[in-house]
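Summary of structural features
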Amino acid sequence: MAIQIDAEKKIFTLETDHTMYQMQADAYGVLRHLWYGAKTGCDMSYLQDYPDVGFSGNIYAAGNDRTYSLDTLPLEYAGAGVGDFRVPAVAAVHADGSSALDLRYYSHTVKPGKYGIEGLPAVYAAEDEAETLEVVLRDTASAVEVTLLYAVLPALDLVTRCARIRNLGETPVTLTKAASLCLDISRGSWEWVHFHGRHAMERQMERRLLFHGIQEIGSTRGTSSHHQNPTVLLCTPDCTETAGACIGAALVYSGSHQTRLECDQLGQVRMVMGIHPDLFRWELKAGETFSTPEVMLSYSDTGLETLSHHFHQAIREHICRGKYQLAERPVLINNWEATYFGFDTEKILHIAEEAARLGVDMLVLDDGWFGKRDDDCSGLGDWFVNETKLSGGLHDLVEKIKGMGMRFGIWFEPEMISEDSDLYRKHPDWAIRIPDRAPMRSRYQLVLDMANPEVQEYLFRVMSDVLHSADISYVKWDMNRSISDWYTRTLPADRQGEMPHRYVLGLYALLERLTAAFPDVLFEGCSGGGGRFDAGMLYYCPQIWCSDDTDAYERTKIQYGTSFFYPVSAVGSHVSTVPNHQTGRITPFETRGTVAMAGSFGYELDLNLLSDGEKQEVAEQIRQFKTYGPLIHNGKYYRLTNPMAEDAALWEFAAQDGSEVLVQGMLFHAEANVLRRTVQLRGLDAEKRYRLDGTEQVYTGAALMAGGVLLPKAWGDYTPVTMHFSEV
Ligand code: DGJ
């Protein structure tokens, strides 16, 4: 049993293979957090020893006990306004205008399997893979009920959490905050890691000491954003890749989010993660329920690498779905950087012919095939083939491409609308804007009101028509701006605060419908590259275009940051031309292939423009990806260097059974008169013997892990590294 309950002490213990999470409903019904960490087999309440802290008041029922304060105790889900002055998890305004919530234990239930969340993406599991605990809390004065849901997936060392908030009363209540996670850690010294960035430079890892007070990351852009990924790590100062304690939290949500970390007066840490409260108001009428998105939590006391392995497996096997979840992904060629908007049928076929000849599996036609779309000023919303550009139509083009032995994919940006479009001329009211206020434009475009069912219906219909009109195997779902000017005609004035979350629910509803209607289509997520790279989108799209930055050198840093939570199979990564279109940098062709291979591999250039030698390299890279692809996507991923701090980006894929290992990456710079660099491998069987491909050299696993491998001599900048070892 993953969930154990001491009924007398009201202690709830959630156990995974290597971790333990514990809480207790105390004498006053306050649900205290007792422990998240290594398995101890013990009631951890002995650590709860609190002094009388001045200015931290006491609940009424505690009488003269000045040591009992909501302001100091570790809480499972902190309410607001009743004496805990730290960051709350939930806040509400009642009919009388007051805004307090004092949540106390009411009941609990244990259920087999993993709970689901209606309308929201969530971890799924077979009934024998998970167990669910529901703890019901009720406010002491109002009719607000909060059910905390915990699912335990023991084999993955994973605990998931979300909250269901119900109004049991007759009068409406307005939620002003409803976090998914509140995690109080009362002991230890912690640092935090987050992943910040910008367009074309996403998920830059940053590790910082926690200072006293509140530190926060978040997005108010309506998307999870390029700027702050909805994932956070807490780790002990001595935590490395292979040693030390760490906790990871990933929000399964694609909209605005916030994570606040508060280091309180006693040095305790509270982490509160969920929908961004600045863009959230939700009215609960009598009997209504609000469900928060889910947070995935994992703990490791063997460093960050173990934590990443938990998340990789959990996301790949329990978030991603559908036919392509575990399947080998097609090697594709995307025409965006090859042509931008300047293409016609002939040009696309010309690109396709060479790609087919070199072994590419699929051609993806990017932006510009529809409506009036010769640049980014117009056309969005008109999802009808532009027959001036694609003479003969889409069906004809797809058949010709299929005739070359390739499959076909197509780009959409469903959530957007150009003012210069037939859709806008017909339905200007479908664009998000506040009446009488000029909306922000970004990339010249406006955003469709995804909270409006008519918009969802239109998009389902036009996209289905396109997908039925030809044999289309892949959809790239793009989204190229941040959202502002929140307003929807579908809600009254006093409920406009619900719009940002309703947008996300509308997006998910459409994705659910389309992915269900087209189960054979591979959906790839995208938002100007990786601006919506989150576990929520991965529930619908098993891969996401990682970044608009295709420069192999910069990509190593982006992919490094991405790897802490997200599996390699989720990372869309392509070889592009040089000088690189984003940075002007020139990197060797082989290096570009090596970096792109740490993902769902493809090309983003006109292969006709390559030299004969480079074309041969393309064929060789594809052969290599077909050979190593299963190891890359199913093996365990190891970060061998930190490219943010070292002069090399090196990573490794090791087979789960230790039978083979692939080391890849690049050495950033060459130096004269230096020893060749080595790197120590990980995850091998020390006793086994491994041969380096292309040589007769045999090593023990112990040697490769202790002595390391001798890397190629760096020559020039960005020397590629690919070394494959097989068990002999
Ligand atoms: C942004 C994407 O990230 C690119 O790959 C490309 O699809 C463009 N949008 C097209 O407008």
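Residues numbered from 1 in each chain as written. Predicted model: local features only at pLDDT ≥ 70, side-chain atom pairs only at ≥ 80, totals over all residues. Heavy atoms only, no water.

As for the overall build of the protein chain
A count of helical and extended segments in the protein chain gives 12 helices and 38 strands. Projected onto its principal axes, the C-alpha coordinates of the protein chain cover approximately 85 × 70 × 45 Å. Restricting the contact set of the protein chain to residue pairs at least 6 apart, pairs at least 24 apart contribute 68%. Total accessible area on the protein chain stands at roughly 26,000 Å², and carbon and sulfur atoms take up 50% of it. Both charge centroids of the protein chain, one from 66 positive and one from 99 negative side chains, sit 1 Å from each other. (Helix = DSSP H or I, 4+ residues; strand = E, 2+ residues; numbered from the N terminus. Contact = heavy atoms within 4.5 Å. Areas by Shrake-Rupley, 256 points an atom, 1.4 Å probe, with all protein chains shown as cover. Lys, Arg positive; Asp, Glu negative; His and termini not counted. Charge placed at Lys NZ, Arg CZ, Asp CG, Glu CD.)

Side note on the sheet that holds strand β4 (residues 31-38)
As a general point, the strands of a sheet are linked pairwise by backbone hydrogen bonds and lie either parallel or antiparallel. Here four strands make up an open sheet; going across it, the order is β1-β2-β3-β4 and the pairing antiparallel. The outermost strands of the open sheet, each flanked by one partner alone, are β1 (3-6) and β4. The average undirected angle you get between the axes of adjacent strands in this sheet is 15 degrees. Where β1 and strand β2 (residues 11-15) come together, four bridges link them in antiparallel fashion. Pairing of I3 across the sheet is with L14, part of β2. (Pairing = 2+ DSSP bridges. Axes fitted to C-alpha atoms, helices over the stretch in contact; angles between N-to-C directions.)

Describing the packing of aromatic side chains
On inspection of all chains with the given rule, the structure shows 32 aromatic pairs. Consider the rings of W369 and W383, whose centres lie 6.0 Å apart with planes at 40 degrees: the pair is tilted. Taken together, the positions of W369 in the loop between β22 (362-365) and α4 (393-403) and W383 in the loop between β22 and α4 put the pair 14 residues apart, joining distant regions of the chain. What makes W369 buried here is its relative accessible area of 0%. (Phe/Tyr/Trp six-rings, centres within 6.5 Å; stacked < 30°, edge-to-face > 60°. Buried < 20%, exposed > 50% of the residue type's maximum accessible area, 1.4 Å probe, protein only.)

A look at the sheet that holds strand β35 (residues 689-692)
The strand order across the open sheet built from six strands is β31-β32-β33-β38-β35-β36, with neighbouring strands paired in antiparallel fashion. The strands lining the two open edges of the sheet, one partner per strand, are β31 (636-639) and β36 (698-700). Taken over all neighbouring pairs, the strand axes of this sheet differ in orientation by 25 degrees on average, direction set aside. Sheet topology note: the strand β33 (residues 660-667)/strand β38 (residues 719-727) ladder contains eight bridges and is antiparallel. Each bridged residue has a counterpart across the sheet, and for V661 the counterpart in β38 is F725.

Digging into the site of the ligand
Around the ligand, 13 residues are found, and the nearest of them are D366, D367, K476, D478 and D548. With respect to the ligand, the side chain of D478 contributes an N or O atom lying 2.7 Å from a nitrogen atom. In this structure, an oxygen atom belonging to the ligand sits 2.8 Å away from a main-chain N or O atom of G529. Here the ligand loses 98% of its free accessible area of 300 Å² to cover by the protein chains. The residue makeup of the shell around the ligand, split by class, is four nonpolar, three polar and six charged. (Near = heavy atom within 4 Å. Polar contact = N/O pair within 3.5 Å; in protein donor to acceptor, adjacent residues only side chain to side chain. Nonpolar A, V, L, I, M, F, W, Y, C, P; charged D, E, K, R; others polar.)

Observations concerning the environment of E620
For E620, the location among the structural elements is in helix α11 (residues 612-634). A residue is classified by how much of its surface remains accessible, and E620, at 34% relative accessible area, is partly exposed. For the pair formed by E620 and H199, sequence separation is 421 residues and the distance between their alpha carbons is 32 Å.

Here's the deal with the packing of helix α9 (residues 552-562) against helix α10 (residues 589-597)
Relative orientation of the contacting elements α9 and α10 amounts to 20 degrees, with a least axis distance of 9 Å. Classified by the interaxial angle, the pair formed by α9 and α10 is roughly parallel. The element α9 and its partner α10 pack so that their crossing is left-handed. Each of A552, R555, T556 and Q559 in α9 lies in contact with α10, whose residues at this interface are T591, R592 and V595. Residue composition of the contact of α9 with α10, grouped by class: two nonpolar, three polar and two charged. (Parallel < 35°, antiparallel > 145°, perpendicular 65-115°, else oblique. Left-handed = near helix turned anticlockwise from the far one by under 90°.)

Observations concerning α10
Of all nine residues in α10, eight are buried, a share of seventy percent or more. Buried within α10 we find F589, T591, R592, G593, T594, V595, A596 and M597.

Examining the layout of surface pockets
Empty pockets left among the atoms are what a rolling probe the size of a water molecule brings to light. In this model, the largest pocket occupies a volume close to 480 Å³. Surrounding the largest pocket, 26 residues form its lining, H309, H310, Q313, K636 and Q656 being those nearest its centre. Within the residue set of the lining of the largest pocket, elements represented by two or more residues are β20 (294-300), α1 (303-318), α11 and β31. For the lining of the largest pocket, the leading source of residues is α1, giving seven residues. Among the residues making up the lining of the largest pocket, the classes are represented as eight nonpolar, 13 polar and five charged. (1 Å grid on protein atoms, 1.4 Å probe; cavity = no way out; pocket = protein on both sides within 12 Å on 5 of 7 lines; lining within 4 Å. Points joined across faces, edges and corners; volume = space filled by probe spheres on them.)

Here we look at the domain arrangement of the protein chain
Structurally, the protein chain comprises domain 1 (3-42 + 52-318), domain 2 (332-545) and domain 3 (648-727). Summarising the inter-unit geometry, the C-alpha centres of domain 2 and domain 3 are found 41 Å apart. (Domains from an automatic or database assignment.)

Regarding the packing of α10 against α11
At a minimum axis distance of 10 Å, the contact between α10 and α11 shows a crossing angle of 25 degrees. Looking at the two axes, α10 sits roughly parallel to α11. Our pair here, α10 against α11, has a crossing hand that is right-handed. Contacts between α10 and α11 involve F589, E590, G593 and M597 on the former and, on the latter, E614, E617, V618, Q621, Q624, F625 and I632.

Things to note about the pairing of β33
Where burial is concerned, most of β33 is hidden: seven out of the eight residues are buried. Two elements, strand β32 (residues 648-654) and β33, share seven bridges in a ladder whose sense is antiparallel. Across the sheet, the residue bridging to A654 is V661, located in β33. Count of turn residues in the β32/β33 antiparallel hairpin: five residues, of which G658 carries a positive phi of about 70 degrees.

What to know about a negative patch on the surface
On the surface, a cluster of negative charge is contributed by E127, D128, E129 and E317. Relative to the assigned elements, D128 resides in the loop between β6 (103-112) and β7 (131-139). (Patch = residues over 30% accessible without salt bridge, like charges linked within 9 Å, V, L, I, M, F, W, Y side chains within 5 Å. Salt bridge = Lys/Arg side-chain N within 4 Å of Asp/Glu carboxyl O.)

Here we look at the environment of R689
Position of R689 among the secondary structure elements: in strand β35. Relative accessible area serves as the criterion here: at 45%, R689 is assigned to the partly exposed category. For the pair R689 and L704, spaced 15 residues apart in sequence, the C-alpha to C-alpha distance is 9.6 Å. Contact partners of R689, with chain neighbours within four places excluded, come to V698, Y699, T700, S726, E727 and V728.

Regarding the environment of L605
Of note, L605 is situated in the loop between β30 (600-604) and α11. On a C-alpha basis, the gap between L605 and L491 in space is 45 Å, while along the polypeptide they are 114 residues apart.

Overview of the state of the cysteines
In this structure the tally under the stated criterion is zero disulfides. Cysteine C235 is unpaired, with the sulfur of C239 as its nearest cysteine sulfur at 4.8 Å. (Disulfide = S-S within 2.5 Å.)

Considering the side chain of Q624
Tracing the backbone through its elements, the reader meets Q624 in helix α11. Since its relative accessible area comes to 17%, Q624 is described here as buried. Every residue in contact with Q624, bar those within four places of it in the chain, is listed here: M597, G629, Q664 and T722.

Concerning the side chain of H501
For H501, the location among the structural elements is in helix α7 (residues 499-517). Those residues in contact with H501 that sit more than four places away from it in its chain are L120, Y253, I275, W282 and F290.

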